[in-house]
Amino acid sequence: MITLRCFIQMGYVILFSAAYPLAAVWAFLNNIVEIRGDAFKLVNGVQRPFIKRVEDIGFWQEAFEVLSVISIVVNCSLIGIRGQIGRWFPHFSTGQQILFIIIMEHIFLSVRFIISRAIPDVPGWVQLASAKERYRRDQALKGMEKLMRSGKFSPGYIQSKVDTAMEMEKTTP
């Protein structure tokens, strides 16, 4: 529900920013009031948000990406409809103005594509931490397999190995 409200608000701001540039300011002020209201509710009311663990934002990622492409097309069209190109470049004919808008749109779409490819979805430090965790898990599984094959499978022995591993993890940065 919250993501839907954010999506709708972002849609209004980025789709019509060429027609009404102050929309971003109003959205920002709305978000400040909403954050303060939510903080008040958490401190004085519920005091604990319900947390649901998820891997990512799911289909909303694609929805925001589609919205960003549509916003480029809509804003370039709004600039063309309002006749701003004719005021900026009075010597352009109508055909040249349309061509300029199309070129401008393709430049913005190319920049958006380059930025989306240049910035990774998962930061490097997160990938490194995940790789370390996978390695530790794999080593623990190998140790458990070796232990089960050796016949030393007793609860006390297992607990001592777990405690040793936990102590090593606390000292490892």
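Residues numbered from 1 in each chain as written. Predicted model: local features only at pLDDT ≥ 70, side-chain atom pairs only at ≥ 80, totals over all residues. Heavy atoms only, no water.

Novice: I tried to follow the overall build of the protein chain on my own but got confused; where do I start?
Specialist: Each helix and strand in the protein chain was counted, giving 7 helices and 0 strands. Along its sequence from the N terminus, the protein chain presents helices and strands in the succession α-α-α-α-α-α-α. Expected size for 173 residues packed as a compact globule is a radius of gyration near 16 Å; at 27 Å, the protein chain overshoots this value by more than 25%. Contacts in the protein chain between residues far apart in sequence, at least 24 positions, make up 64% of those at least 6 positions apart. Carbon together with sulfur atoms contributes 68% to the accessible area of the protein chain, which is approximately 14,300 Å² in total. When the 20 basic and 14 acidic side-chain charges of the protein chain are each reduced to a single mean position, those positions are 3 Å apart. (Helix = DSSP H or I, 4+ residues; strand = E, 2+ residues; numbered from the N terminus. Rg over C-alpha atoms; globule rule 2.2 N^0.38 Å. Contact = heavy atoms within 4.5 Å. Areas by Shrake-Rupley, 256 points an atom, 1.4 Å probe, with all protein chains shown as cover. Lys, Arg positive; Asp, Glu negative; His and termini not counted. Charge placed at Lys NZ, Arg CZ, Asp CG, Glu CD.)

Novice: Is there a simple way to explain the environment of R137 in this structure?
Specialist: As for its position among the elements, R137 is in helix α6 (residues 124-150). Between the C-alpha atoms of R137 and V162, which are 25 residues apart in sequence, the distance is 12 Å.

Novice: Can you walk me through a negative patch on the surface in this structure?
Specialist: A cluster of like negative charges, contributed by E55, D56, E62, E65 and D121, occupies part of the molecular surface. Here D56 shows up in the loop between α2 (23-44) and α3 (59-82). Taking relative accessible area as the criterion, D56 reaches 53% and is therefore assigned exposed. (Patch = residues over 30% accessible without salt bridge, like charges linked within 9 Å, V, L, I, M, F, W, Y side chains within 5 Å. Salt bridge = Lys/Arg side-chain N within 4 Å of Asp/Glu carboxyl O. Buried < 20%, exposed > 50% of the residue type's maximum accessible area, 1.4 Å probe, protein only.)

Novice: Explain the packing of helix α1 (residues 2-15) against α3 here, please?
Specialist: Two measures define how a pair of helices packs: the angle their axes make with one another and the distance between the axes. Close contact between α1 and α3 brings their axes to 9 Å; oriented N to C, the two are set at 20°. The orientation of α1 relative to α3 falls into the category roughly parallel. Both α1 and α3 take part in a crossing whose hand is right-handed. Taken together, the residues of α3 that come into contact with α1 (itself represented by T3, L4, F7, M10, G11, I14 and L15) are W60, A63, F64, L67, S68, I70, S71, V74, N75 and L78. Counted by class, the contact of α1 with α3 contains 12 nonpolar, 5 polar and no charged residues. (Axes fitted to C-alpha atoms, helices over the stretch in contact; angles between N-to-C directions. Parallel < 35°, antiparallel > 145°, perpendicular 65-115°, else oblique. Left-handed = near helix turned anticlockwise from the far one by under 90°. Nonpolar A, V, L, I, M, F, W, Y, C, P; charged D, E, K, R; others polar.)

Novice: I tried to follow the environment of F7 on my own but got confused; where do I start?
Specialist: Among the secondary structure elements, F7 is positioned in helix α1. When its relative accessible area of 22% is taken as the criterion, F7 is described as partly exposed. In the structure, F7 is positioned 57 residues away from F64 in sequence and 7.2 Å away in space, judged by C-alpha atoms.

Novice: Where do I start with the pattern of salt bridges in this structure?
Specialist: When their charged atoms lie close together, side chains carrying opposite charge are able to pair. Under the definition given, this model contains 2 salt bridges. The salt bridge partner of E34 is R5, with a shortest N-O separation of 2.9 Å. Of this pair, E34 sits in helix α2 while R5 sits in helix α1, placing them 29 residues apart in sequence. Judged by its relative accessible area of 45%, R5 falls in the partly exposed class. Between D38 and K41 there is a salt bridge, with its nearest N and O atoms 3.4 Å apart. Taken together, the residues span about one helical turn, with D38 and K41 both in helix α2 at a distance of 3 residues. Given the relative accessible area of 32%, D38 is considered partly exposed.

Novice: Is there a simple way to explain the side chain of S68 in this structure?
Specialist: By secondary structure assignment, the location of S68 is in helix α3. Polar side-chain contacts of S68 include one of 2.7 Å to the side chain of R112. (Polar contact = N/O pair within 3.5 Å; in protein donor to acceptor, adjacent residues only side chain to side chain.)

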